[in-house]
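# A look at the structure
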Amino acid sequence: MAQAVTRGALMKLLEQLPREEENPQNVRTRLRITTSEGKTIVAFARAGEGKLGFTGWEMRKGMTGEEDWQYFVLGAEHVGDPLQVISEKGPLGVVTGAELEERQ
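We now turn to the structure provided with this report. Just so it is clear, the structure is predicted and the values come from calculations on it, not from any experiment. (Residues numbered from 1 in each chain as written. Predicted model: local features only at pLDDT ≥ 70, side-chain atom pairs only at ≥ 80, totals over all residues. Heavy atoms only, no water.)

Here we come to the sheet that holds strand 6 (residues 90-102). Strand order in this closed barrel of six strands is 1-2-3-4-5-6, and the pairing throughout is antiparallel. Sheet twist, expressed as the average angle between the axes of neighbouring strands with direction ignored, equals 45°. Where strand 2 (residues 40-46) meets strand 3 (residues 53-58), five bridges bridge the pair, whose relative direction is antiparallel. Each bridged residue has a counterpart across the sheet, and for Ala 43 the counterpart in strand 3 is Gly 56. Sitting on the sheet, helix 1 (residues 7-14) is in contact with strand 1 (29-35), strand 2, strand 3, strand 4 (70-75) and strand 6, with an inclination near 50° to strand 6. (Pairing = 2+ DSSP bridges. Helix = DSSP H or I, 4+ residues; strand = E, 2+ residues; numbered from the N terminus. Axes fitted to C-alpha atoms, helices over the stretch in contact; angles between N-to-C directions. Contact = heavy atoms within 4.5 Å.)

Shown next, in the form of C-alpha cells:
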C-alpha cells in the first residue's frame, strides 16, 4: 500500500482553499486527493466546523462538471491511524496523495 499523507500536510493544503461561504466558484485552485481504493476526490472549498472538512466531488466517468458538490471529511477510525476520505456513504479509502492544481 502507498504511504498515507500526514494530517499536517493535508491541513496545510486544505488551508489554501477558500471557505465554502466565500464564493469558491470563482477560485481557480483545487485540491486533488487520491485514495488507496483508487478513487479521486477533488476539493474546492473548506466546509464545516473542523479543519478537515471540505466540499467537492468524487470523480467518476461521465461527469459534466455541473454536478452538485458533496461534503467530505478527512478522519481516522482510531488515533494514529492514517486519514481516510469519508463521504455521506462511508469511507472512500486512505489518503495516498494530495496536490494543489489549477481549476479548469
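For the rest of this paragraph, the subject is the pattern of salt bridges. Taken as a whole, this structure holds three salt bridges when the rule is applied. Its salt-bridge partner being Glu 101, residue Arg 30 comes within 2.7 Å of it at the nearest N-O pair. Of this pair, Arg 30 sits in strand 1 while Glu 101 sits in strand 6, and the two are 71 residues apart along the sequence. For the residue pair Arg 30 and Glu 101, the accessibility class agrees, reading buried in each case. Between Arg 32 and Glu 101 there is a salt bridge; the shortest N-O distance is 3.0 Å. Taken together, the residues span a long stretch of sequence, with Arg 32 in strand 1 and Glu 101 in strand 6 at a distance of 69 residues. Look at Arg 32 and you get partly exposed, because its relative accessible area is 23%. (Salt bridge = Lys/Arg side-chain N within 4 Å of Asp/Glu carboxyl O. Buried < 20%, exposed > 50% of the residue type's maximum accessible area, 1.4 Å probe, protein only.)

In this section: helix 1. Looking at helix 1, one finds that the buried residues are Leu 10, Met 11, Leu 13 and Leu 14. Seen from one end, helix 1 has its buried residues packed into an arc of 165°, which puts them on one side. Where the residues of helix 1 are buried, they touch strand 1, strand 2, strand 3, strand 4 and strand 6. (Arc of directions from axis to C-beta.)

Right, let's get into the nonpolar core. Of all hydrophobic cores here, the largest spans 18 residues; its most connected members are Leu 14, Leu 31, Phe 54, Leu 74, Val 85 and Val 95. If you list the elements that add at least two residues to this core, you get helix 1, strand 1, strand 2, strand 4 and strand 6. For this core, the element with the highest residue contribution is helix 1, accounting for four residues. Apart from the residues within four sequence positions on either side, Val 85 is in contact with Ile 33, Thr 35, Ile 41, Phe 54, Phe 72, Val 73, Leu 74, Gly 90, Pro 91, Leu 92, Gly 93 and Val 95. (Core = buried A, V, L, I, M, F, W, Y, C linked by side-chain atoms within 4.5 Å.)

The next subject is the environment of Glu 58. By the secondary structure assignment, Glu 58 is in strand 3. Sequence separation between Glu 58 and Gln 70 is 12 residues; the distance between their C-alpha atoms is 8.2 Å. Beyond its immediate chain neighbours, meaning those up to four positions away, Glu 58 contacts Lys 39, Thr 40, Ile 41, Met 63, Gln 70, Phe 72 and Leu 92. Within the local environment of Glu 58, its side chain forms a polar contact with the side chain of Lys 39, the two groups lying 3.5 Å apart. (Polar contact = N/O pair within 3.5 Å; in protein donor to acceptor, adjacent residues only side chain to side chain.)

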